Amino acid sequence: MACAAFLISGLFRGYVGAVCTRAAASKLTSSTSCHLTFTSIMKSKRKTDHLERTASVVRREVVAAAKVCGAVSESPSVKSLRLLVADKDFSFKAGQWIDFFIPGVSVVGGFSICSSPRLLEQERMIELAVKYTNHPPALWIHNKCTLDSEVAVRVGGEFFFDPQPTDAPRNLVLIAGGVGINPLLSILRYSADLHRDRANKGSGYEIGTIKLFYSAKNTSELLFKKNILNLVNEFPEKIACSLHVTKQTTQISAELKPYITEGRITEEEIKDHISKETLFYICGPPPMTDFFSKQLENNHVPKEHICFEKWW
Ligand SMILES: *[C@@H]1O[C@H](CO)[C@@H](O)[C@H](O)[C@H]1NC(C)=O
């Protein structure tokens, strides 16, 4: 693919510092483990280019053609895309992002995939949800992209959940702020797929419990709330969520009310979920990500059980 032409970097506002390494993977039954090595580097690199910022992060080699097959408005500021990626060499793990190459746009985007790897296996589809910003790839997605638009994508990132069939069950705590929900929704959806597989086949990875903490400005900015609540209702013994709104100005509808807390996610709530079997995945704005990863460390959660990715 002649995508090198798009690899010229420019000013970037939008997304992503992958801040995990798989340093201690062998010590863990689940295959993702992360620690905080790059925190200071990432801080100094805020608002630089996605490719520059993630230069040292593992990427797959395949650059695959992708076609826009669906676009919907997910909230007043977020548009979601469905992309067909026919190339069978293209695959990803729940939680990873893609480099997003747009013909005629020199800046390369970096967006987390929010769908399950299973959707790719079955329908060759991936989904993204992109917030409106002045960043050229986000502007293109919001203003120029149409059905049948063609782009190219390449998978990268070390923030993912990819348990093997024989791994011991792990509980997951997923902590999301704003559009940081994207990779965590992929992990949540994939876990539900693994759970269905096991129910159908009687074998495969047995998921532990999953608790999602998700905070957004208000209920219209809580993305995918219907999808999330459907999973909670389908698997009440496995999946639970606590949805938070920080700047709600209107009344919360009766159907959402039981799931919503007004105010931020608190450290006490998170603390209640600490155990030896639990892996923590955090994705949100840098201050939030830093806050919860420090809190967990202070509460003696091993660094390799804390995985995070920052958005800005
Ligand atoms: C949430 O905030 C957005 C942006 O400020 C606004 O457009 C929307 O109407 C708000 N929604 C609710 C339910 O208050």
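Everything quoted here is computed from the prediction, not taken from an experiment.

Analysis parameters
Residues numbered from 1 in each chain as written. Predicted model: local features only at pLDDT ≥ 70, side-chain atom pairs only at ≥ 80, totals over all residues. Heavy atoms only, no water. Core = buried A, V, L, I, M, F, W, Y, C linked by side-chain atoms within 4.5 Å. Buried < 20%, exposed > 50% of the residue type's maximum accessible area, 1.4 Å probe, protein only. Helix = DSSP H or I, 4+ residues; strand = E, 2+ residues; numbered from the N terminus. Domains from an automatic or database assignment. Contact = heavy atoms within 4.5 Å. Expected span 1.5 Å × (residues − 1). 1 Å grid on protein atoms, 1.4 Å probe; cavity = no way out; pocket = protein on both sides within 12 Å on 5 of 7 lines; lining within 4 Å. Points joined across faces, edges and corners; volume = space filled by probe spheres on them. Nonpolar A, V, L, I, M, F, W, Y, C, P; charged D, E, K, R; others polar. Near = heavy atom within 4 Å. Polar contact = N/O pair within 3.5 Å; in protein donor to acceptor, adjacent residues only side chain to side chain. Areas by Shrake-Rupley, 256 points an atom, 1.4 Å probe, with all protein chains shown as cover. Pairing = 2+ DSSP bridges. Axes fitted to C-alpha atoms, helices over the stretch in contact; angles between N-to-C directions. Phe/Tyr/Trp six-rings, centres within 6.5 Å; stacked < 30°, edge-to-face > 60°. Lys NZ or Arg CZ within 6 Å of the ring centre and 35° of its normal.

**Q** Teacher, can you tell me more about the nonpolar core here?
**A** One recurring pattern in soluble globular proteins is that nonpolar side chains are buried together. The biggest cluster of nonpolar side chains holds 43 residues, and the ones touching the most others in it are Tyr214, Ile228 and Tyr281. At the level of secondary structure, the elements contributing two or more residues to this core comprise strand E8 (171-177), helix H5 (181-201), strand E9 (210-216), helix H6 (225-234), strand E10 (239-245) and strand E12 (278-284). Looking at which element gives the most residues to this core, the answer is H5, with eight residues. No fewer than three residues from each of domain 1 (58-156) and domain 2 (170-310) sit in this core. If near-sequence neighbours (up to four positions away) are discounted, tyrosine 214 is found in contact with Ala176, Gly178, Ile181, Glu221, Leu222, Leu223, Ile228, Ser242, Leu243, His244 and Ile265. Leu83, Phe90, Leu128 and Trp140 belong to the second-largest nonpolar core, a separate cluster that totals 25 residues.

**Q** I tried to follow H5 on my own but got confused; where do I start?
**A** Helical geometry: 3.6 residues make up each α-helical turn, so side chains three or four residues apart lie on a common side. End to end, H5 covers 30 Å across 21 residues, agreeing with the expected 30 Å (1.5 Å per residue, within 8%). Counting buried positions over the 21 residues of H5 gives 16, a clear majority of the element.

**Q** Would you explain the layout of surface pockets in this entry?
**A** Summary: where empty space remains is shown by rolling a probe the size of a single water molecule over the atoms. Approximately 220 Å³ is the volume attributed to the second largest pocket. Considering the residues around the second largest pocket, the lining is formed by 13 residues, among which Lys225, Lys226, Leu229, Glu255 and Leu256 are closest to the centre. The element that contributes the greatest number of residues to the lining of the second largest pocket is H6, accounting for five residues. Its residues assigned to classes, the lining of the second largest pocket comprises six nonpolar, three polar and four charged.

**Q** Which parts of the structure should I look at to understand the site of the ligand?
**A** In the vicinity of the ligand, the contacting residues are Pro76, Lys217, Asn218, Thr219, Ser220, Gln248, Thr249 and Thr250. Within the side chain of lysine 217, a nitrogen or oxygen atom sits 2.6 Å from an oxygen atom of the ligand. The separation between an oxygen atom of the ligand and a polar side-chain atom of asparagine 218 is 2.3 Å. Burial of the ligand by the protein amounts to 58% of the accessible area it has alone, namely 360 Å². Split into classes, the residues belonging to the shell around the ligand amount to one nonpolar, six polar and one charged.

**Q** How should I be thinking about the sheet that holds strand E2 (residues 64-75) in this particular structure?
**A** Strands in a sheet are paired, the pairing made by backbone hydrogen bonds, and the direction either parallel or antiparallel. Taken in spatial order, the six strands of this open sheet run E5-E4-E7-E2-E3-E6, and their pairing is antiparallel. Pairing within the sheet leaves two strands with one partner each, and these edge strands are strand E5 (109-112) and strand E6 (125-131). Here the strands of the sheet are splayed against their neighbours by 40° on average, with no regard to which way each runs. With seven bridges connecting them, E2 and strand E3 (residues 78-84) associate as antiparallel partners. By the bridge assignment, glycine 70 is partnered in E3 with arginine 82. Helix-sheet contacts for helix H4 (residues 136-144) involve E3, strand E4 (97-101), E5, E6 and strand E7 (150-156), and the interaxial angle to E6 is about 105°.

**Q** How should I be thinking about the pairing of E4 in this particular structure?
**A** The side chains of a regular strand alternate between both faces of the sheet. For E4, the buried fraction is high: five of the five residues fall into the buried class. Here E4 shows no split at all, with Trp97, Asp99 and Phe101 on one side and Ile98 and Phe100 on the other all buried. Looking at chain direction, E4 and E5 are connected through four bridges and run antiparallel. Residue pairing across strands places isoleucine 98 opposite phenylalanine 111, the latter belonging to E5. Inspection of the sheet shows E4 paired to E7 by five bridges, in the antiparallel sense. Paired with aspartate 99 across the strands is arginine 154, a residue of E7.

**Q** Hey, could you run me through H4 in this one?
**A** Within H4, the full set of buried residues consists of Pro137, Ala138, Trp140, Ile141 and His142. Elements in contact with the buried residues of H4: E3, E4, E5, E6 and E7.

**Q** Just checking my understanding: could you explain the packing of aromatic side chains for this structure?
**A** When we look at a pair of aromatic rings, we describe it by the centre distance and by the angle of the planes. Per the counting criterion, the structure on display carries six aromatic pairs. Ring centres 6.1 Å apart and planes at 70° place the aromatic pair phenylalanine 161 and tyrosine 205 in the edge-to-face group. Taken together, the residues phenylalanine 161 in the loop between E7 and E8 and tyrosine 205 in the loop between H5 and E9 connect sequence positions 44 residues apart. Comparing phenylalanine 161 with tyrosine 205, the two get one shared label, buried. Among the aromatic side chains, those forming a connected cluster through ring pairs are Phe159, Phe161, Tyr205 and Tyr281. For arginine 189, the ring lying beneath its charged end belongs to phenylalanine 224, and the centroid distance is 5.5 Å.

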